[in-house]
Amino acid sequence: MSSSAPQHPRPAGGHRLWSVDEHLADVLGAVRPLEPIELQLLDAQGCVLVEDVTVPVALPPFDNSSMDGYAVRTADVQGASEEFPAVLAVVGDVAAGSGELPTVGPGEAARIMTGAPLPPGAEAVVPVEWTDGGTGGGAAAGMTPASAAPEQAGGEVRVHRAAEARAHVRARGSDVQAGDLALAAGTVLGPPQIALLAAIGRGTVRVRPRPRVVVLSTGSELVQPGEPLTAGTIYDSNSFALAAAARDAGAIAYRVGAVADDPPPPRPPPQAPPNPAPRRGAHGGVSVGAYDVVKEALSSVGSVPSSGSAGPGEDDVDVDATRIDFRKLAMQPGKPQGFGTIGPDHTPLLALPGNPVSSYVSFELFVRPAIRALMGLPESEVRRPSVRAVLKADKALGSPAGRRQFLRGKYDAESGTVSPVGGSGSHLIAALAHADSLMVVPEDVTSVEPGTELEVVLLG
């Protein structure tokens, strides 16, 4: 993930337990919204607008027809019926995009297509179904294309129903007026917003770009889906889940194949230049047994560690004079975490636990907010929304003392209840696929009885 955050000292990881809130505050304190850039409309989809956009011209820019039919004067069709139709002389065709328009005088009508400008003299549009379509027969079922029957731009049309003034006419400026606020700064640009920008003539727009996220899994046991499994191997699901989650959060995500647990090549000597490889946000499993492998890999990314860091802890790594902290959190699942910034641009790096549920929960709690903060979204949209709901379960739920537990749940908004999905094991990915929320059990609670009200983080 790219960031313009300045380098700043961070408390040493050591062996103390960090709270969930402390770790999240540390992550968000290290990221700043990305610098705005000018993008073409389609390239700006999913980005956050950084400027108010006002309407330069009214929409629609002229009175136009909302129906295929005939532009008429209301006095000429007053009292018209099936038995006594109003007979009008057709003076021409008006198609969408027409420049020169026929003038509709007394006793006259002009064939008009949907979106075409209302011609001078006309006060209303009668749908073609209210007429004989200029054929001299009964009610028409639809408009005959002018190219197929150009003679119907002349002759006569019989109108079977009266029309009030402005009937089936879209008034100039009925959508937005010139000078109106079209979109406010902070708006996320989706398809409707892109459509509005195009409609008012904007070809480019100034936005904060979507963060780029690179997801990297570590583990010699990981095999890519589609390849055969061998003894002791499993499929790499974390990188797919995290890349998809990053895209869902608004980022442009890249997934890198799994990296084996073999130690990396020796780091270059002090006089060697830094590794020129690009560095972006990444994920690697950091269960306790994997600390050394991940730390060695990170240490080999850049130059020799700086000696200027203030008090690194036992589980800290310095890369390009930037601290990477490996720490333990008072939470379940997701106790082991790693965080820091690397490279000259101080790109955020978050190392997540390897178990699938631990990894995904950690993403939702820490990585997603970082992505949303980089996008420049308001604080209210950085974190997932949460609600209070009543636990609906057959028995009490246990929770370890001193740990904030996040249990998978199914939330019922209508009844205001939440039910557990699967067990608490951090490997139960099938249960995660059927959950739409996380039930939060506070650190000082070890048992939650059915009927207890809980905080519920909504994932969908």
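One can find the structure itself at the top, above this paragraph.
Heads up: these notes are all about the structure in this document. (Residues numbered from 1 in each chain as written. Predicted model: local features only at pLDDT ≥ 70, side-chain atom pairs only at ≥ 80, totals over all residues. Heavy atoms only, no water.)

### Here's the deal with the pairing of strand β25 (residues 404-412)
Phase 1 of the analysis: When strand β20 (residues 331-332) meets β25, the two strands line up parallel, connected through two bridges. Residue pairing across strands places Gln332 opposite Gln405, the latter belonging to β25.
Phase 2 of the analysis: Strand direction decides the pairing type here: β25 and strand β27 (residues 437-441), joined by five bridges, are antiparallel. Bridging across to β27, Arg408 finds its partner in Leu438.
Phase 3 of the analysis: Where β25 meets strand β26 (residues 417-420), four bridges bridge the pair, whose relative direction is antiparallel. For Asp412, the partnering residue across the bridge sits in β26 and is Thr417.
Phase 4 of the analysis: Count of turn residues in the β25/β26 antiparallel hairpin: four residues, of which Gly416 carries a positive phi of about 70°. (Pairing = 2+ DSSP bridges. Helix = DSSP H or I, 4+ residues; strand = E, 2+ residues; numbered from the N terminus.)

### So, helix α4 (residues 238-249)
Phase 1 of the analysis: A rise of 1.5 Å per residue sets the reference length of α4, with its 12 residues, at 16 Å; its end C-alpha atoms lie 16 Å apart and thus fit the reference within 8%.
Phase 2 of the analysis: What α4 keeps buried is the set Asn238, Ser239, Leu242, Ala243, Ala245, Ala246 and Ala249. Along the axis of α4, the buried positions cluster into a sector of 160°, meaning they face one direction only. Opposite its buried face, α4 presents the exposed residues Arg247 and Asp248, each directed more than 90 degrees away. (Expected span 1.5 Å × (residues − 1). Buried < 20%, exposed > 50% of the residue type's maximum accessible area, 1.4 Å probe, protein only. Arc of directions from axis to C-beta.)

### As for the sheet that holds strand β7 (residues 86-94)
Phase 1 of the analysis: Here five strands make up an open sheet; going across it, the order is β9-β6-β8-β7-β10 and the pairing mixed. Strand pairing shows two members of the sheet lacking a second neighbour, β9 (124-127) and β10 (156-159), which therefore form its edges. Averaged over all pairs of adjacent strands, the angle between their axes in this sheet comes to 40°, without regard to strand direction.
Phase 2 of the analysis: Relative to strand β8 (residues 108-112), β7 runs parallel, the two sharing four bridges. Paired with Asp93 across the two strands is Arg111, which belongs to β8. (Axes fitted to C-alpha atoms, helices over the stretch in contact; angles between N-to-C directions.)

### Things to note about the sheet that holds strand β13 (residues 204-208)
Phase 1 of the analysis: The strand order across the open sheet built from three strands is β2-β13-β3, with neighbouring strands paired in antiparallel fashion. Strands at the two margins of the open sheet, each flanked by one partner only, are β2 (37-40) and β3 (48-49).
Phase 2 of the analysis: Bridge count for β2 against β13 is four bridges, and the pairing is antiparallel. If you follow Glu38 over to β13, its bridge partner there is Arg206.

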